Structures are given as structure tokens and as C-alpha cells.
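# Examining the three-dimensional arrangement
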Amino acid sequence: MQISFRRPLLFKVMAIFLAFFLCLFLIEIGFRTYFQWQSSCSWLKVGYCVAPQARNEFTFGEGNCPFEEEITLDPDFAYVWNKSSTCLSQRRINRLGLEGDEFPDLKKEDEINVLLLGGSVAHQLGGYPFLKNEIQKKYPNKKVKLLVGAHGSWRLHQNVTLLSRYIRQVDIIIMLNGFNEMVKLMNPDYRFELPTIEYSTVLNKKSSLSLYLTAMLYKGLDGVERNHFMHFWSSGAFLIKRIRLKLIDKLQNTDGKTQLEARYLLDEKLERSQKFNLNLEQMKHYYRLSHLIAKNFKVPLYIFIQPVPALDKELDPVEKSIVNAVKYLSVDEYKTIYHGLNQTLLDMRKEHLPIYSLVNLFSKVKGQRYADHVHLNEKGYEEMSLAITSQIQKTK
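Let me begin by describing the structure that accompanies this report.

Before going further, it helps to spend a moment on the nonpolar core. By size, the foremost hydrophobic cluster in this structure holds 82 residues, and its most contacted members are Leu162, Ile173, Ile174, Met283, Tyr338, Met384 and Ile388. Here this core takes 6 residues from helix α12 (residues 272-296), the largest share from any one element. The contact partners of Leu162, leaving out residues within four places of it in the chain, are Phe77, Leu96, Leu98, Phe103, Leu115, Leu117, Gly149 and Trp154.

Structural data, given as C-alpha cells:
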């Protein structure tokens, strides 16, 4: 009589897998209940107020590549795209490290060079043909080149640096800002120009085993979070996001980060309101600089305040699940602060700055226009392009 040990072993393996998935299911139910209970974010005073389905704010590239692996340090702009990165092999990266056409050294008579400045929203807008095509209609006898001077997480000071370098080669300047500036203003302990988290992560890359293992775990969790099912349904994926934020802190916990931040640290004796006002004035300073540079070279400048999903739109179900995804802020704070920022910038028109607001661009639109907490979908960018070119035509 032969005794088989295969069947009991198979049952044990099946029982272990069943118990494992049952535990995962119970954990998911627990976290989902907890996050739904806390969905108002009113319990948060300082920290992250994000919906369980929030998108990853630290990656903007292809595949599972963390954002900081797609960029390289730059002495003028803090960071640009890393042209040699395998993550960007399908992208058209120019010699500046920006995506799109090469920036010209000399201006040609038969071309209209349009410089688009901003952060990731401007970068994505420039990736679609809508804006370029609409401007081309205004200049049928010349070739329009759209120079995309924008990058994820860039703010005004990087835009002004690029504008200063290429002002003699451009015919029209379009600035599209607002969201990145708001996020920075909400962390006023450092000067407005403090490079974002990606810069210091690249700056502090080391070969130590602990950092290497931390980075590998970070990338593994990033892959899980980017899974479509986990990304949009799982509250457990939101927990993974929180773990990843802690790992980012670990990756940056070096002397280099401390020294970098120390260079931008504001006087600790200043009150929080004083720090906020100082950075607010610094932001306005860069708008004024842009205006002075453009005016001096007689190049038309158009400054646009970008729309955000928390303001002036009837959100569809998908948009409602992502509107909370803003660092440091609850939804009510987000609305109040961005509304105030919008009004502050519009008040600068008294100084003859050409500032126009797109905040109410989708106020009468139904259906999804936002792809995540701030970026638009294709239809949204098409309508934004029409609004921008319409304003340019009105003010000619």
C-alpha cells in the first residue's frame, strides 16, 4: 500500500493562500471603512489630505520609473529631463533637457516662436497639438514653433530664468502657473525658490546598502500603486502611498538634504504669517520681472492662472474622487487659498500686468475634464488652448 503525501501538502498550500488573501481582504475592508469615515479630512491639521484613490504626486513619467530617476540636475533650472534615461527613450528631449522642439539660437523671419512657460500642466498642454494649431491659424504665412519651457514641479523662478535666456529668440510668451506656487506657499518655512523634493533626492543619491534597499522597496511599492485596479479602487494602495512618502523621507535623510534646505531656510524668529507674506511677495516679484523683461524687448506676454478641480466646476464622479489630492490642504482650505491666490494675481492688473484667469474655464462644463488632482484630460487641454488663443486675439 502506497502512501501519498502530495494531497495533504497541496491542501496546506491552498489553505495558506486562502488565509493570506482572506487577511488582505479584511485589511482592505478595514482601511476602506476607515478612509471613508475620515473622508472629510477635517481631522487633519497639518499633513496630507488625500483621497484613497489619489494619484502619485512624485512620478510623472513612463512605466514604473520614479520621477527622480527621469531627471538630472541642472545649474540654472534645478533639474531637467535626463536625456540618457531609458525611461524616456520614447520622448523627444531637446538639448536643454526639455521635451519638444529645440530652442533656436537665432530667430528666423519666416517663423513665429511661441514660448510656453509653466509647470507640469503647461508641459502637458505643450505636448498636444491644440495650442500650436490655434496660433498657427493666426499666422497663416509663417511657421509657428511652440517652445515648451515647462517641466513638472517647476515654479516661476525657473520660468523667469528660461525667459531671460531666450527672450531675444521669441515672438510671443505664454505663462501658465498657479498650482505649484500655491503648494509652495503652504509650506512657508523656506524661501519660495527651494527646489522640490525630486531635486534633493537626485542630489543625495548614494550607493550605501540601506539606501539601495530602500530605493528598491520604493520602486516595488510604486509598481503596486500604479496597478490600475489598486490605483483606483484599493484603499490599501493608499496606505502604500503613505509608506512611500516615509521612504522618500528616508532616501533624503542625508547631510546633503540638510545643507540644501539650510540655504533656503527663513529666519525662525519670523512668524508664520510673515514667512507666508514674504514668499507671496517673492512670487509676485517674479511676475513683475517677467513683465519687465518682455516689455523691454517688446515681446507680448500673456499670463494665465491655471484652473483647478476644486474651484468653479461641477465635478463628475471620477473628478470627485481626486479633488482631495493636494498636499498640506483640506478641500475647503484648498478652495479658499486658491481663490485668494487667484484674486491676488488679478489685482496685479492694476500694475498693468497682462494677467488672465482660467479658473472658471470649466464652470459651465459637465463631464470629466481633469485626469487627476490638477492635470487635464485631452478634451480639457483642447478647451484650454481655445481659451488661451481667444484671449490673445482679444488683447492684440
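With their axes 10 Å apart at the nearest point, helix α3 (residues 120-127) and helix α15 (residues 378-394) run at an angle of 95° to one another. Considered as vectors, α3 and α15 are oriented roughly perpendicular to each other. Facing Val121, Gln124 and Leu125 of α3, the residues of α15 in contact are Tyr381, Met384, Ser385 and Ile388. Tallied by class, residues from the contact of α3 with α15 come to 5 nonpolar, 2 polar and no charged.

Applying the stated criterion across every chain, the model contains 7 aromatic pairs. A ring pair is formed by Tyr128 and Phe130, whose centres lie 5.5 Å apart and whose planes are at 10°; its orientation type is stacked. With a relative accessible area of 15%, Phe130 lands in the buried category. By way of ring pairs, the aromatic residues Tyr128, Phe130 and Tyr381 are connected into one cluster. The ring of Trp81 carries Arg91 above its face, with NZ or CZ at 4.8 Å from the centroid.

A few words now on the pattern of salt bridges. Side chains carrying opposite charge are able to pair once their charged atoms draw close together. This model, assessed by the stated rule, comprises 14 salt bridges. With its nearest N and O atoms 2.4 Å apart, the salt bridge here joins Arg165 to Asp76. Pair noted here: Arg165 is in helix α5 (residues 156-166) and Asp76 is in the loop between β2 (71-74) and β3 (78-81), with a separation of 89 residues, a long-range link. Owing to a relative accessible area of 35%, Arg165 belongs among the partly exposed residues under this scheme. Residue classification places Asp76 among the partly exposed residues on the basis of a relative accessible area of 39%. Lys313 is paired through a salt bridge with Glu319; the nearest N and O atoms lie 2.9 Å apart. Linked through salt bridges whose partners overlap, the residues forming this network are Arg95, Glu102 and Asp105.

Spanning 17 residues, α15 covers 25 Å between terminal C-alpha atoms, matching the ideal 24 Å at 1.5 Å per step. Of the residues making up α15, those classed as buried are Gly380, Tyr381, Glu383, Met384, Ser385, Ile388, Thr389 and Ile392.

Moving on to unusual backbone geometry. The backbone phi angle of Lys298 is positive, close to 55°, even though this residue is not glycine. The residue Lys298 is located in the loop between α12 and β7 (301-305) in this model. In this structure, His352 is a non-glycine residue whose phi angle is positive, near 70°. On the basis of relative accessible area, His352 is assigned to the exposed category, the value being 65%.

Overall, parallel pairing links the 5 strands, which are arranged β5-β4-β6-β7-β9 in an open sheet. One side of each edge strand has no neighbouring strand; the edge strands of this open sheet are β5 (143-150) and β9 (355-357). Put simply, the sheet's adjacent strands are angled 20° from each other on average, direction ignored. Along the sheet, α5 contacts β4 (111-118), β5 and β6 (172-177); its crossing angle with β4, the most-contacted strand, is approximately 155°.

Here α5 crosses α12 at 15°, and the two axes come no closer than 9 Å. Here α12 runs roughly parallel to α5, going by the angle between their axes. The two elements α5 and α12 meet at a crossing, and its hand is left-handed. On α12, the residues that touch Leu156, His157, Val160, Leu163 and Ser164 of α5 are Met283, Tyr286, Tyr287, Leu289, Ser290 and Ile293. For the contact of α5 with α12, the per-class residue count stands at 8 nonpolar, 3 polar and no charged.

This part is about the side chain of Ser385. The residue Ser385 is located in helix α15 in this model. With a relative accessible area of 0%, Ser385 lands in the buried category. Look past the residues within four positions of Ser385 in its chain and what remains in contact with it is Leu125, Phe130 and Leu131.

Next up on the list: α5. Judged by how many residues are buried, α5 sits mostly within the fold: 8 of 11 residues are covered. Listed as buried for α5 are Leu156, His157, Gln158, Asn159, Val160, Leu162, Leu163 and Tyr166. Those residues of α5 that are buried lie in contact with β3, β4, β5, β6, α6 (179-185) and α12.

Criteria and cut-off values
- Residues numbered from 1 in each chain as written.
- Predicted model: local features only at pLDDT ≥ 70, side-chain atom pairs only at ≥ 80, totals over all residues.
- Heavy atoms only, no water.
- Core = buried A, V, L, I, M, F, W, Y, C linked by side-chain atoms within 4.5 Å.
- Buried < 20%, exposed > 50% of the residue type's maximum accessible area, 1.4 Å probe, protein only.
- Helix = DSSP H or I, 4+ residues; strand = E, 2+ residues; numbered from the N terminus.
- Contact = heavy atoms within 4.5 Å.
- Axes fitted to C-alpha atoms, helices over the stretch in contact; angles between N-to-C directions.
- Parallel < 35°, antiparallel > 145°, perpendicular 65-115°, else oblique.
- Nonpolar A, V, L, I, M, F, W, Y, C, P; charged D, E, K, R; others polar.
- Phe/Tyr/Trp six-rings, centres within 6.5 Å; stacked < 30°, edge-to-face > 60°.
- Lys NZ or Arg CZ within 6 Å of the ring centre and 35° of its normal.
- Salt bridge = Lys/Arg side-chain N within 4 Å of Asp/Glu carboxyl O.
- Expected span 1.5 Å × (residues − 1).
- Pairing = 2+ DSSP bridges.
- Left-handed = near helix turned anticlockwise from the far one by under 90°.

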